[in-house]
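Architecture at a glance
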Amino acid sequence: MSVSTAAADQSVCAALPVLGRDVTVPLVTGGEVTYAALDYAASAPALQRVWDDVAAYAPYYGSVHRGAGYLSQLSTDLFENARATVAEFLDCREDDQVVFTRSTTDSLNLLAAALPAECHVFVFETEHHASLLPWQDARVTYLDAPRSPREAVATLERALAGRDPHGPALVCVTGASNVTGELWPVRELAAAAHAHGARIVLDAAQLAPHHPVSVRDLDVDWVAFSGHKLYAPFGSGVLAGRSDWLREAEPYLAGGGASRKVARRADGGVDVEWHESAARHEAGSPNVIGAYSIAAACKALTEEGFDRIVARERHLIRTVREGLADVPAVRVLSLFGDEAPRVGVISFVVEGWNSSHFAAALSAEYGIGVRDGLFCAHPLLRTLLGSDPQTQGECGAPEAAPGEKSLNAIRVSFGAGTPDEHVERFVRAVKELVRDGAQWRYRTEGGRCVPAV
């Protein structure tokens, strides 16, 4: 091995240990196989280290902020230290707030509830529904899907130039597409937003698990992401960024923890003084374990080093894309083209196959878990698939809107915990299914394509 090759190998990390890496599943054709989890874009498996950290804390579980006992004080310190860890992970500004939520969806709905009056929101049709839909109570301008990063910036600039320059405005944009995996020009979009007096929120659900996210460097006003995509268990998320809109808004949830003082008035009503800190939007008993698990994942990824994580993921992306390119029947979906930088999220269709049928065969005959459908990004998928006929095959696609044909695609996604063998098995399975067809019969049941018994 040459010195340069050895150095390159040292810069690439091994697959990180995750829960479920040794789970075996039955095949309809007989026998069992180690499950290949290739649906990271929906939920990544928890890192073993995160699970171990949570298990070590569990015996010391206690209520936070208001308990006098030792375990309550310990849990309070752990909860607030988790907040500081997330702020460091995101390279937040000193006066930024980190609010713990349930998910990216919850985070963006929280921000939507905190928008100033008459706020004008700009969002591309390419967004996941979590960042496309929360703005219904504001004035919203939906922007057409761009076909290059440069076009994305130009589209936003044109839209912002036509708005009322005196009113508040917010731009919402993804960091990495949950459909194509392509990286968006966040820094340039932030610059365009600020040049026109608007703020910007970054949906980092698909970006944060794969690349470092710096609030300062990207110059975004807020960032949102989910723990369950960052190798932590379900049920926790983050909204981090500027405090003024959050501090001035009514609490997202009214209740204990959000209130600093509550008193009865002489007329029988109630006066409330709300907290101005992140607690203002964290009413109720917080998900301490969820916050701790996110912090544990942030530490694990930071200590592993994103340079090495990114280098390994590029190797996996190259393996999948080169393998799919060898199959003429496969069309990989893309907005920005083959050369666009991306994370480990790849969606495609297979000529002659309904995507639900193909995904079912990958699972039942090869033990490979992928996603099929429209991936909670219906406008984007309709843009990408609008001219492609879909063959129904033995299983029907998800229901179409009235007047539309049924559309769906297949998505394979992976990350820091994915072994080489899983993506190699996936590529081999795609080639075999296209060449030989499915070995089993399938039927539609409850809207899903399943093996016929």
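Residues numbered from 1 in each chain as written. Predicted model: local features only at pLDDT ≥ 70, side-chain atom pairs only at ≥ 80, totals over all residues. Heavy atoms only, no water.

A look at the overall build of the protein
Counting its secondary structure elements, the protein contains 14 helices and 19 strands. For 453 residues, the compact-globule formula gives about 22 Å, and the C-alpha radius of gyration of the protein, at 23 Å, lands near that figure. Taken over the C-alpha atoms alone, the protein extends approximately 80 × 55 × 55 Å along its principal axes. For the protein, the accessible area works out to roughly 19800 Å², and carbon and sulfur atoms hold 51% of it. In the protein, which carries 41 positive and 57 negative side-chain charges, the distance between the mean positions of the two groups comes to 1 Å. (Helix = DSSP H or I, 4+ residues; strand = E, 2+ residues; numbered from the N terminus. Rg over C-alpha atoms; globule rule 2.2 N^0.38 Å. Areas by Shrake-Rupley, 256 points an atom, 1.4 Å probe, with all protein chains shown as cover. Lys, Arg positive; Asp, Glu negative; His and termini not counted. Charge placed at Lys NZ, Arg CZ, Asp CG, Glu CD.)

Points about the sheet that holds strand E16 (residues 371-373)
Read across the open sheet, the four strands follow the order E13-E14-E17-E16; overall the sheet is antiparallel. Of all the strands in the sheet, just strand E13 (330-332) and E16 have a single pairing partner and so form its edges. Put simply, the sheet's adjacent strands are angled 30° from each other on average, direction ignored. Of the strand pairs in this sheet, E13 and strand E14 (residues 345-350) are connected by three bridges, and their pairing is antiparallel. Bridge pairing in E14 places Val330 opposite Val350. Strand contacts of helix H12 (residues 355-366): E14, E16 and strand E17 (409-413), with the helix running at about 115° to E14, the strand carrying the most contacts. (Pairing = 2+ DSSP bridges. Axes fitted to C-alpha atoms, helices over the stretch in contact; angles between N-to-C directions. Contact = heavy atoms within 4.5 Å.)

Some words on the state of the cysteines
Scanning all chains against the criterion turns up zero disulfides. In this model Cys119 remains outside any disulfide bridge; the closest cysteine sulfur is found in Cys172, 11 Å from its own. Not engaged in a disulfide, the cysteine Cys376 finds its nearest cysteine sulfur in Cys172; these two sulfurs lie 15 Å apart. (Disulfide = S-S within 2.5 Å.)

Some words on the pairing of E14
With six of six residues buried, E14 is to be regarded as a mostly interior element. Burial of E14 is two-sided: the residues Val345, Ser347 and Val349 facing one way and the residues Ile346, Phe348 and Val350 facing the other way are all buried. Strand direction decides the pairing type here: E14 and E17, joined by four bridges, are antiparallel. Its bridge partner being in E17, Ser347 is matched across the sheet by Arg411. (Buried < 20%, exposed > 50% of the residue type's maximum accessible area, 1.4 Å probe, protein only.)

Considering the confidence of the model for the protein
Mean pLDDT over the protein: 92, with 93% of residues reaching 70 or higher. Counting interchain partners and residues more than four positions distant, the pLDDT-below-50 stretch residues 1-9 has two contacts. In the model, residues 389-393 has pLDDT below 50 throughout and makes 14 contacts with residues more than four positions away in sequence or in other chains. (pLDDT = per-residue confidence, 0-100.)

Topic: unusual backbone geometry
Its identity as a non-glycine residue notwithstanding, Asp91 has a phi of 55°, on the positive side. Position of Asp91 relative to the elements: it lies in the loop between helix H3 (70-89) and strand E4 (97-101).

Examining the packing of aromatic side chains
Given two aromatic rings, one states the distance between the centres and the angle between the planes to describe the pair. One pass over the structure, following the stated rule, counts ten aromatic pairs. With a centroid separation of 6.2 Å and 45° between ring planes, the pair formed by Phe89 and Phe306 is classed as tilted. Within this pair, whereas Phe89 is found in helix H3, its partner Phe306 is found in helix H11 (residues 306-325), the two being separated by 217 residues in sequence. For Phe306, a relative accessible area of 11% corresponds to the buried category. Ring geometry for Trp222 against Trp245: centres 5.2 Å apart, planes inclined by 35°, an arrangement best described as tilted. (Phe/Tyr/Trp six-rings, centres within 6.5 Å; stacked < 30°, edge-to-face > 60°.)

Regarding the pattern of salt bridges
Inspection of every chain in the model, using the stated rule, returns 24 salt bridges. The closest approach of N and O atoms between Glu282 and Arg83, which form a salt bridge, is 2.9 Å. Placement of Glu282 in the loop between strand E12 (270-274) and helix H10 (288-304) and of Arg83 in helix H3 is noted, with a sequence separation of 199 residues between them. According to the relative accessible area criterion, Arg83 is buried, its value standing at 13%. Asp271 is the salt-bridge partner of Arg265, the closest N and O atoms lying 3.1 Å from each other. Classification of Arg265 by relative accessible area gives partly exposed; the value is 33%. Taking relative accessible area as the criterion, Asp271 reaches 40% and is therefore assigned partly exposed. (Salt bridge = Lys/Arg side-chain N within 4 Å of Asp/Glu carboxyl O.)

Brief notes about the sheet that holds strand E5 (residues 120-124)
Strand order in the open sheet formed by seven strands is E4-E10-E9-E8-E7-E5-E6, with mixed pairing between adjacent strands. Here the strands that pair on one side only, and so sit at the sheet edges, are E4 and strand E6 (139-143). The average angle at which neighbouring strand axes cross in this sheet is 20°, direction not considered. Strand contacts of helix H4 (residues 104-113): E4, strand E7 (169-174), strand E8 (199-203), strand E9 (222-226) and strand E10 (237-241), with the helix running at about 150° to E9, the strand carrying the most contacts. The strands that helix H6 (residues 149-161) touches are E5, E6 and E7; relative to E5, the one it contacts most, it runs at about 160°.

Considerations on the environment of Phe306
Through-space distance from the C-alpha of Phe306 to that of Cys13 is 9.5 Å; in sequence the pair is 293 residues apart. Beyond its immediate chain neighbours, meaning those up to four positions away, Phe306 contacts Phe89, Ala208, Pro209, His210, His211, Pro212 and Leu301.

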